[in-house]
Amino acid sequence: MKTDRLVSIIMILLEKKRISAHILADMFEVSKRTIYRDVEAISMAGIPVSATPGTGGGIEIMGHYKIDKKVFSRDDLSALLMGLNSLPKTLRPREVEHTLAKLESLIPSEQAKEIEIKTNQILIDLTPWFEEANINHNLEIIKTAIDENRLLSFTYIDGHSKKSERTVEAYQLVLKGRSWYVQTFCHTKKDFRLFRLSRMTALTLLEEKFIPREYQKPVLDFEEAARDLRTIIKLRIHKSILDRLLEFCSFDNIKADGEEHYFVEYPFIDRDYYYDMLLSFGDKCECLEPLSVREKLKQKIQSLMQVYGSEP
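Before going into details, it helps to say that this report is about the structure given with it. (Residues numbered from 1 in each chain as written. Predicted model: local features only at pLDDT ≥ 70, side-chain atom pairs only at ≥ 80, totals over all residues. Heavy atoms only, no water.)

Thoughts on the overall build of the chain
So, point 1. A tally of regular secondary structure across the chain gives 11 helices and 11 strands.
So, point 2. Here the chain holds 312 residues, and 35% of them are scored as buried.
So, point 3. By sequence separation, contacts in the chain at least 24 residues apart represent 57% of the contacts at least 6 residues apart.
So, point 4. For the chain, the accessible surface area stands at approximately 20,000 Å², while carbon and sulfur atoms represent 53% of it. (Helix = DSSP H or I, 4+ residues; strand = E, 2+ residues; numbered from the N terminus. Buried < 20%, exposed > 50% of the residue type's maximum accessible area, 1.4 Å probe, protein only. Contact = heavy atoms within 4.5 Å. Areas by Shrake-Rupley, 256 points an atom, 1.4 Å probe, with all protein chains shown as cover.)

Written out as structure tokens, the structure reads:
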């Protein structure tokens, strides 16, 4: 990831008087053009970096610049280490490991144990329980496309199972909830689009490159829009699925109904995704109100019975 690479480059430049763009490019497995863009970003952040072309030239931090190890507090170092350690393995290439090593070198010896304890107080593991080989493969391809400004092509299957062929400029990988997305400029739609990696097939890294355009951030917060669509429905559930319901609603919205069951006020949107979620609870969940939701669930169950009502 770009941020980790920038931190690592800064640490390397602080240790070495001068290093060539070619060596840095090989070290981080990116193009020299990417390294020069990184150097520009570091300069804009206030660290005086200069690049000298030609034989004997290279990239260096200007001699008058100093960094004090104490510039990072104990909490700063703990937060940085916690964040980098929490990156999924698919996003922890060699440069991230270099960054971790550099940060650890900034820890004063007398605070090392205290910072280790604080860093280990929270573990954020974003990797799934079971490996998603196709997702990991696509992540690697997209990271290369972003680093090298190369076009991507793929077949996309949208939420209505409609297929389309896309050619895109990739700008940002996004982990939202449990799913990976990529923010792109789509040549087909002539606009920025967010694509879900699990719906992409035949992903291909093209040789053709693009000139990056002004970036448009993806819209990731739909809470306000969801509030306008959301209603509260009343469920009766068996205690065996209580833990699953607690992922979607507070215990304050759950009341006991005897020893085996609960009444639940459940946030619901009239979309297939939410009906499918209710049906996934099987006979351990019954929708009591409103009647419109209950009737639609009955229709879906009857359609399912038609599929399984006869021998294949």
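What about unusual backbone geometry?
So, point 1. At the junction of Glu 289 and Pro 290, the peptide bond is cis and its omega measures out at -5° in the coordinates.
So, point 2. Looking at the element boundaries, Pro 290 is found in the loop between β11 (285-289) and α11 (291-308).
So, point 3. Here the phi dihedral of Lys 190 falls at roughly 55°; this positive angle occurs in a residue that is not glycine.
So, point 4. The topology assignment puts Lys 190 in the loop between β5 (179-186) and β6 (191-196).
So, point 5. According to the relative accessible area criterion, Lys 190 is exposed, its value standing at 63%.
So, point 6. Notably, Ala 202 is not glycine yet its phi reads approximately 50°, a positive angle.
So, point 7. As for its placement among the helices and strands, Ala 202 is situated in strand β7 (residues 200-209).

Notes on helix α2 (residues 21-28)
So, point 1. Residues of α2 that are buried: Ala 21, Leu 24, Ala 25 and Phe 28. The arc enclosing the buried residues of α2, seen along the axis, measures out at 100°, which places them on a common side.
So, point 2. Of the residues trailing α2, Glu 29 is marked for its positive phi of about 55°. (Arc of directions from axis to C-beta.)

Brief notes about the sheet that holds β11
So, point 1. Read across the sheet, four strands follow the order β9-β10-β8-β11 without closing on themselves; strand pairing throughout is antiparallel. The open sheet has two edge strands with one neighbour each: β9 (254-257) and β11. Strand-to-strand, the axes of this sheet are offset by a mean angle of 30°, without reference to chain direction.
So, point 2. Two elements, strand β8 (residues 231-238) and strand β10 (residues 261-268), share eight bridges in a ladder whose sense is antiparallel. The partner of Ile 233 across the bridge, within β10, is Tyr 266. (Pairing = 2+ DSSP bridges. Axes fitted to C-alpha atoms, helices over the stretch in contact; angles between N-to-C directions.)

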